[in-house]
Amino acid sequence: MADTAHQRGPLPPHAEVVIVGGGVIGSSVAFHLAEAGVGVLLLERDALASGSSGKPIGGVRAQFSDPLNVALGARSLTRYADFASRPGGDIGLRRVGYLFLLPTDADVELFRHSVAMQNAQGVPSRIIDMDEALRLCPYIDRSRYAAAAYSPEDGWAYPERVVAGYVTAAQRLGAQVRTGCAVEEIVVANGGITAVVTSRGTVSTGAVVCSTGAWSERIGQMVGVDLPVVPVRRQIAFSPPLSPRPPVIPFTIDFGTTLYFHNAGEGLLMGIADPAQAVGFERGYDETWLPLLHDSAARCCPSLADMEVERGWAGLYEMTPDHNALLGEAASVDRFLYATGFSGHGFVQAPAVGEVVRDLYTGRAPFVDVSPFSADRFSRSAAVSEANII
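The rules behind the values
- Residues numbered from 1 in each chain as written.
- Predicted model: local features only at pLDDT ≥ 70, side-chain atom pairs only at ≥ 80, totals over all residues.
- Heavy atoms only, no water.
- Helix = DSSP H or I, 4+ residues; strand = E, 2+ residues; numbered from the N terminus.
- Rg over C-alpha atoms; globule rule 2.2 N^0.38 Å.
- Buried < 20%, exposed > 50% of the residue type's maximum accessible area, 1.4 Å probe, protein only.
- Contact = heavy atoms within 4.5 Å.
- Phe/Tyr/Trp six-rings, centres within 6.5 Å; stacked < 30°, edge-to-face > 60°.
- Lys NZ or Arg CZ within 6 Å of the ring centre and 35° of its normal.
- 1 Å grid on protein atoms, 1.4 Å probe; cavity = no way out; pocket = protein on both sides within 12 Å on 5 of 7 lines; lining within 4 Å.
- Points joined across faces, edges and corners; volume = space filled by probe spheres on them.
- Nonpolar A, V, L, I, M, F, W, Y, C, P; charged D, E, K, R; others polar.
- Polar contact = N/O pair within 3.5 Å; in protein donor to acceptor, adjacent residues only side chain to side chain.
- Pairing = 2+ DSSP bridges.
- Axes fitted to C-alpha atoms, helices over the stretch in contact; angles between N-to-C directions.
- Core = buried A, V, L, I, M, F, W, Y, C linked by side-chain atoms within 4.5 Å.
- Disulfide = S-S within 2.5 Å.
- Expected span 1.5 Å × (residues − 1).
- Bend = angle between axes of the 7 residues up to and from the residue.
- Parallel < 35°, antiparallel > 145°, perpendicular 65-115°, else oblique.
- Left-handed = near helix turned anticlockwise from the far one by under 90°.

## Quick notes on the overall build of the protein chain
Next, step 1: A count of helical and extended segments in the protein chain gives nine helices and 19 strands.
Next, step 2: In summary, the protein chain has a C-alpha radius of gyration of 21 Å against a globular reference of 21 Å for 390 residues, a match within 12%.
Next, step 3: For the C-alpha atoms alone, the extent of the protein chain along its principal axes is close to 65 × 45 × 40 Å.
Next, step 4: The buried share among the 390 residues of the protein chain stands at 56%.
Next, step 5: If you take every contact in the protein chain between residues at least 6 apart in sequence, the share linking residues at least 24 apart comes to 73%.

Here it is in structure tokens:
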């Protein structure tokens, strides 16, 4: 990171905007605001990318089940493809595609509707038969699936490199960054923000952006804004180098079990959502999760069922009730903006979200209407956003 030593320096007395949370969302917001000439202070209580953004590999895609998520994902894919030139840095982007394996005819019909909507927005996804799916990913048991959905422009990259690229560029543009600096209070007077109190002092400001992921509910409470985000642990496992070395495969997901796997160096990465996982901030890796992984692999990709696990990793998803993001500006507190609750899709959508927050702050119209992701949708009598299912 640029100016790493300065990240532990004293707080400035004032900042035009204080961004709370130094993960991929906060760093994207910092870059886009700084690029627009806004004075930015990015605060992180630990180290940059130490929360959910610390995951070893993150998927990037535009295959979603609703138009707003598709728009955010597609825009972000374009920005990730151009990351080396703006903001700069090698993020290890691999556009190997996303492959959703569909167990039933009902799943196929559901995805046909999503693919049609995605195609209307320029996403080259399609339904494919299992012959083609097997050519793309030779590990799968084709007999278990009715068909698959595939988009060749999706893929994966390295979140920590994305955070580094955004932060380095933001600092070059004048943004200030402070790590090891926990927010303890946001001072509100006459309906507006006046200061942020931290573990290392107080900075005056008239605007705050909350991008603290799984920890966002507490930040919202400081200003009386309900941000309904809960933390849920997710775990992944890495194989040792395999012989023969795995072919290049898509980011492959069993829609029935949520099992997923893709290349990682000379081996594979595998993960699955544990339906028994309790809500909480536990981030320790727990090997008792492995039987669930192996049992699901035995059904999806039998040749990987006994794959040796060399190491594992655990992190937090920031979940909302409908699995959609909280993205917007509070109506009850002037200049309190939030970009959180992405339910596993924060890395996917981070570049576009940085643009949206920049535009909301500067009074521009964002490239897409994000009002369906307003945090107050859960308290309104009107129907909330359609639940995101993929």
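## A short note on the packing of aromatic side chains
Next, step 1: Following the criterion strictly, the structure yields 13 aromatic pairs and no others.
Next, step 2: A centroid spacing of 4.9 Å and a plane angle of 80 degrees characterise the contact between Phe111 and Phe255, whose relative ring orientation is edge-to-face. On the criterion of sequence distance, the pair formed by Phe111 in helix α4 (residues 105-120) and Phe255 in the loop between β14 (251-254) and β15 (260-264) is long-range, its members being 144 residues apart.
Next, step 3: The cationic tip of Arg61 hangs over the ring face of Phe64; the distance from NZ or CZ to the ring centre is 4.2 Å.
Next, step 4: In this structure, Arg311 is placed above the aromatic ring of Phe238, and the distance from its NZ or CZ to the ring centre is 4.0 Å.

## As for the layout of surface pockets
Next, step 1: Considered as a void within the structure, the second largest pocket measures approximately 210 Å³ in volume.
Next, step 2: Lining the second largest pocket are 13 residues, with Val225, Asp226, Ala375, Asp376 and Ser379 sitting closest to its centre.
Next, step 3: Of the residues assigned to the lining of the second largest pocket, the class counts are seven nonpolar, three polar and three charged.

## What about the side chain of Glu318?
Next, step 1: Position of Glu318 among the secondary structure elements: in strand β17 (residues 311-319).
Next, step 2: A residue is classified by how much of its surface remains accessible, and Glu318, at 10% relative accessible area, is buried.
Next, step 3: A polar side-chain atom of Glu318 sits 2.5 Å from the main-chain amide nitrogen of Gly341.
Next, step 4: Excluding residues that lie within four positions of it along the chain, Glu318 makes contacts with Gly213, Ala214, Val229, Val230, Thr340, Gly341, Phe342 and Ser343.

## Topic: the side chain of Arg335
Next, step 1: The residue Arg335 is located in the loop between β18 (326-329) and β19 (336-340) in this model.
Next, step 2: A relative accessible area of 19% means that Arg335 is categorised as buried.
Next, step 3: One polar contact links the side chain of Arg335 to the main-chain carbonyl oxygen of Leu360, over a distance of 3.3 Å.
Next, step 4: Leaving out residues up to four positions away in the same chain, Arg335 has contacts with Ile193, Gly206, Ala207, Val208, Glu329, Leu360 and Tyr361.

## With respect to the sheet that holds strand β10 (residues 192-198)
Next, step 1: If you trace the three strands from one edge of the open sheet to the other, you get β9-β10-β11, paired in antiparallel fashion. In this open sheet, the two edge strands, each paired with only one partner strand, are β9 (183-189) and β11 (201-204). Neighbour-to-neighbour, the strand axes of the sheet open up by a mean angle of 25 degrees, direction not taken into account.
Next, step 2: Bridging between β10 and β11 involves four bridges; their strand directions are antiparallel.

## Regarding the nonpolar core
Next, step 1: Counting residues in hydrophobic clusters, the biggest one holds 54 residues, and the most contacted among them are Ile19 and Tyr80.
Next, step 2: By residue number, the principal contributor to this core is helix α9 (residues 346-362), which donates eight residues.
Next, step 3: Every residue in contact with Tyr80, bar those within four places of it in the chain, is listed here: Val24, Val60, Ile91, Leu93, Val162, Phe347, Val348, Ala350 and Pro351.

## Focus: unusual backbone geometry
Next, step 1: The omega angle of the peptide bond from Arg86 to Pro87 is 5 degrees, so this bond is cis rather than trans.
Next, step 2: Tracing the chain through its elements places Pro87 in helix α3 (residues 84-88).
Next, step 3: Residues other than glycine seldom take positive phi values, yet Ala49 does so here, at roughly 60 degrees.
Next, step 4: Topologically, Ala49 is positioned in the loop between β2 (40-44) and β3 (58-60).

## Overview of the state of the cysteines
Note on terminology: a disulfide is the covalent bond linking the sulfur atoms of two cysteines.
Next, step 1: For the structure shown, the criterion picks out zero disulfides.
Next, step 2: No disulfide involves Cys137; its sulfur sits 7.2 Å from that of Cys301, the nearest cysteine.
Next, step 3: By relative accessible area, which is 0% here, Cys137 ends up buried.
Next, step 4: Looking at Cys300, it has no disulfide partner, and the nearest cysteine sulfur is the one in Cys301, 4.1 Å off.

## A short note on the sheet that holds strand β1 (residues 17-20)
Next, step 1: Strand order in the open sheet made by the six strands is β8-β2-β1-β12-β19-β18, with mixed pairing throughout. Here the strands that pair on one side only, and so sit at the sheet edges, are β8 (176-179) and β18. For this sheet the average axis-to-axis angle between neighbouring strands, irrespective of direction, equals 20 degrees.
Next, step 2: Across three bridges, the pairing between strand β12 (residues 208-210) and β19 is parallel. Across the sheet, Val208 pairs through a bridge with Phe336, a residue of β19.

## Details of α9
Next, step 1: The terminal C-alpha atoms of α9 lie 22 Å apart, and with 17 residues this matches the ideal 24 Å at 1.5 Å per residue to within 8%.
Next, step 2: Of all the bends in α9, the greatest measures close to 45 degrees and is centred on Ala352.
Next, step 3: The element α9 is largely enclosed, with a buried count of 15 among its 17 residues.

## Details of the packing of helix α1 (residues 24-35) against helix α6 (residues 159-172)
Next, step 1: Following both chains from N to C, one finds α1 and α6 inclined at 30 degrees, their axes separated by 8 Å at the closest point. Our classification of the angle between α1 and α6 gives roughly parallel. The hand of the α1/α6 crossing is left-handed. Residues Val24, Ser27, Ser28, Ala30, Phe31, His32 and Ala34 of α1 touch α6, and the partners they reach there are Val162, Val163, Tyr166, Val167, Ala169 and Ala170.
Next, step 2: The residue makeup of the contact of α1 with α6, split by class, is ten nonpolar, three polar and no charged.

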